[in-house]
Amino acid sequence: MFDFLKKKPEKTPEPAKPAAKPAEPARGGFSPEDLARAFTVHQEEKAARLEAERAEGREAMKGVLGGSLFARSLGGLFQRNPKLDEDLLDEIETALITADMGVPATTEVVERLRKRMKDRDFADVPALFRALRNDLLAMLRPVAKPLEIDPAAKPFVILTVGVNGVGKTTTIGKLARRFQLDGHSLMLAAGDTFRAAAVEQLKIWGERNNVHVVAQGQDADPASVAYDGLQQARARGVDVLIADTAGRLHTQQGLMAELGKIRRVLAKLDERAPHEVLMVIDGTTGQNALNQLRQFHAAVKVTGLVVTKLDGTAKGGVVFALAREFGLPIRFIGLGEKPEDLRIFDPEGFVDALLPPPPAA
């Protein structure tokens, strides 16, 4: 009964809790903060490079497109017709159609100008010129969407298509260089197994850019090459896979059906692949480019365009016709042979390079 008078045993002190460990650095010795800072710096450098490229691209477009038939047709037009009248509108209409803009797109622009002129919206010819520039820009701005690589798709698969001779393989080589500058790892699949030396041509581009090229040789099954390329790209953790295909005329139904097979085979490994179907169009083909795109879009669902050879005899107006009829993103335009001549499509720079200097008030 006197147990409460007994000395109670002292409690054993609890061991001190170890101090919280500092956040372990990520693999490679970098902390999350280091990686976040590096990512921010990378994004800033990329933005600065794109801004510099935009400025360089506008200068390049002025030099290249300033000599196009589109620019020449409109060059002295406003000086020859200093009055706001039907003659001026008729000459604008003729110039746009001659420059491959096509009748529907041209009619749409000219009728809008005609209505506004009748409503006395224009005080003088310079005001009409500004309205023409704004209308042309309004046609192109909705389709000026740069190609964005989805980091969740690994690899991001780009399937390139187009008719013979548009510069498809060369465009792939230029794209490879661009993606490398953006910090992406990539691989190429030589699916143009029909044209002689096409596989070797792509391998040369691969060597120039130090990029692995998956190939099975001439006359191999293009779908098998694409499938093999996707398997290898996934195994290596590559960011981007660009698959070449044989150039074909849009009237060749058997070859067009082959594109659908390639798409179905890729979907067996990744149901979203290809993530981009990039059609390369020769800017010198004029209104025939519309027929080509109709057929390719029906066969393989084109998601983006590259318009090449605008440094040659291209008139430039076909870009407006493509934008008006299809509304598909124009990712890039080709202004020359050098890798840097593949430019992100910039509607303001494009329109200003085609139009003459504004007429004096």
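Residues numbered from 1 in each chain as written. Predicted model: local features only at pLDDT ≥ 70, side-chain atom pairs only at ≥ 80, totals over all residues. Heavy atoms only, no water.

Novice: Looking at this structure, how should I read the overall build of the chain?
Specialist: Of regular secondary structure, the chain possesses 13 helices and eight strands. Here the chain holds 361 residues, and the buried ones make up 47% of them. Here the contacts in the chain between residues at least 6 apart in sequence split such that 77% fall between residues at least 24 apart. Of the roughly 18400 Å² of accessible surface on the chain, 53% is carried by carbon and sulfur atoms. (Helix = DSSP H or I, 4+ residues; strand = E, 2+ residues; numbered from the N terminus. Buried < 20%, exposed > 50% of the residue type's maximum accessible area, 1.4 Å probe, protein only. Contact = heavy atoms within 4.5 Å. Areas by Shrake-Rupley, 256 points an atom, 1.4 Å probe, with all protein chains shown as cover.)

Novice: Is there a simple way to explain the packing of aromatic side chains in this structure?
Specialist: Within a pair of aromatic rings, the relevant descriptors are the distance that separates the centres and the angle that separates the planes. For the coordinates displayed, the defined rule picks out two aromatic pairs. Judged by centre distance (6.0 Å) and plane angle (50°), the rings of Phe-320 and Phe-350 are tilted. Here Phe-320, found in helix H12 (residues 318-326), pairs with Phe-350, found in helix H13 (residues 347-354); they are 30 residues apart in sequence, far enough to count as distant. Relative accessible area serves as the criterion here: at 0%, Phe-350 is assigned to the buried category. The cationic tip of Arg-208 hangs over the ring face of Trp-205; the distance from NZ or CZ to the ring centre is 4.6 Å. (Phe/Tyr/Trp six-rings, centres within 6.5 Å; stacked < 30°, edge-to-face > 60°. Lys NZ or Arg CZ within 6 Å of the ring centre and 35° of its normal.)

Novice: What is the right way to look at unusual backbone geometry in this model?
Specialist: With the exception of glycine, most residues fall at negative phi, and the peptide bonds are largely trans. Cis geometry marks the peptide bond from Lys-154 to Pro-155, where omega comes out at 5°. Here Pro-155 is to be found in the loop between helix H6 (125-140) and strand E1 (156-161). Following Ala-273, the chain continues to Pro-274 via a peptide bond in cis, the omega torsion being -5°. Mapped onto the elements, Pro-274 comes out in the loop between helix H10 (253-269) and strand E5 (276-282). Even without glycine at this site, Lys-309 takes up a positive phi of about 60°. Secondary-structure assignment places Lys-309 in the loop between strand E6 (304-308) and H12. Assessed through its relative accessible area of 33%, Lys-309 is described here as partly exposed.

Novice: Even after reading the chapter, I still don't get the packing of H6 against H13, so can you show me in this structure?
Specialist: Each pair of packed helices can be summarised by the angle the axes make with each other and by the distance between the axes. Interhelical geometry of H6 versus H13 gives an angle of 140° and a closest axis separation of 10 Å. One finds that H6 runs oblique with respect to H13. Between H6 and H13 the crossing geometry is right-handed. Residues Arg-133, Leu-136, Leu-137 and Leu-140 of H6 touch H13, and the partners they reach there are Pro-347, Glu-348, Phe-350, Val-351 and Asp-352. (Axes fitted to C-alpha atoms, helices over the stretch in contact; angles between N-to-C directions. Parallel < 35°, antiparallel > 145°, perpendicular 65-115°, else oblique. Left-handed = near helix turned anticlockwise from the far one by under 90°.)

Novice: Is there a simple way to explain the layout of surface pockets in this structure?
Specialist: Volume-wise, the second largest pocket comes out at about 270 Å³. Put simply, the parts of the chain that give the lining of the second largest pocket at least two residues each are helix H1 (32-65), helix H7 (168-181) and strand E8 (342-344). The greatest single-element share of the lining of the second largest pocket, amounting to five residues, is contributed by H1. Grouping the amino acids of the lining of the second largest pocket by side-chain chemistry returns five nonpolar, no polar and nine charged. (1 Å grid on protein atoms, 1.4 Å probe; cavity = no way out; pocket = protein on both sides within 12 Å on 5 of 7 lines; lining within 4 Å. Points joined across faces, edges and corners; volume = space filled by probe spheres on them. Nonpolar A, V, L, I, M, F, W, Y, C, P; charged D, E, K, R; others polar.)

Novice: In this structure, what is going on with the environment of Leu-266? I would like to understand it.
Specialist: Locating Leu-266 in the fold gives a position in helix H10. Residue class for Leu-266 comes out buried when judged on its relative accessible area of 0%. As for Leu-266 and Leu-230, which are separated by 36 residues in sequence, their C-alpha atoms are 7.3 Å apart. Apart from residues lying up to four places away in sequence, Leu-266 is in contact with Val-157, Ala-226, Tyr-227, Leu-230, Ala-273 and Pro-274.

Novice: So what exactly am I meant to see when it comes to the side chain of Asp-135 here?
Specialist: Mapped onto the elements, Asp-135 comes out in helix H6. By relative accessible area, Asp-135 is classed as buried at 10%. Not counting chain neighbours up to four residues away, the residues in contact with Asp-135 comprise Val-109, Arg-112 and Leu-113.

Novice: What am I meant to see in the pattern of salt bridges here?
Specialist: Proximity of charged atoms lets side chains of opposite charge pair with each other. Applying the stated criterion to the full structure yields 22 salt bridges. Across the salt bridge formed by Arg-114 and Glu-111, the nearest N and O atoms sit 2.5 Å from each other. Here Glu-111 and Arg-114 lie together in helix H5 (residues 103-118), a separation of three residues that amounts to about one turn. On the basis of relative accessibility, which here comes to 40%, the residue Glu-111 falls in the partly exposed class. One salt bridge in this structure joins Lys-115 and Asp-119, with 3.1 Å as the shortest N-O distance. Using a relative accessible area of 54% as the deciding quantity, one classes Lys-115 as exposed. Assessed through its relative accessible area of 43%, Asp-119 is described here as partly exposed. Counted as one network, the salt bridges with shared partners bring together Glu-86, Asp-90, Glu-111 and Arg-114. (Salt bridge = Lys/Arg side-chain N within 4 Å of Asp/Glu carboxyl O.)

Novice: I tried to follow the nonpolar core on my own but got confused; where do I start?
Specialist: One broad rule of soluble globular proteins: the nonpolar side chains tend to lie buried together. Core analysis: the largest hydrophobic core is formed by 107 residues, its most contacted members being Phe-70, Phe-320 and Phe-350. Of all the elements, H6 adds the most residues to this core, at ten residues. Leaving out residues up to four positions away in the same chain, Phe-70 has contacts with Leu-96, Ala-99, Met-101, Leu-136, Lys-315, Gly-316, Gly-317, Phe-320, Leu-354 and Leu-355. (Core = buried A, V, L, I, M, F, W, Y, C linked by side-chain atoms within 4.5 Å.)

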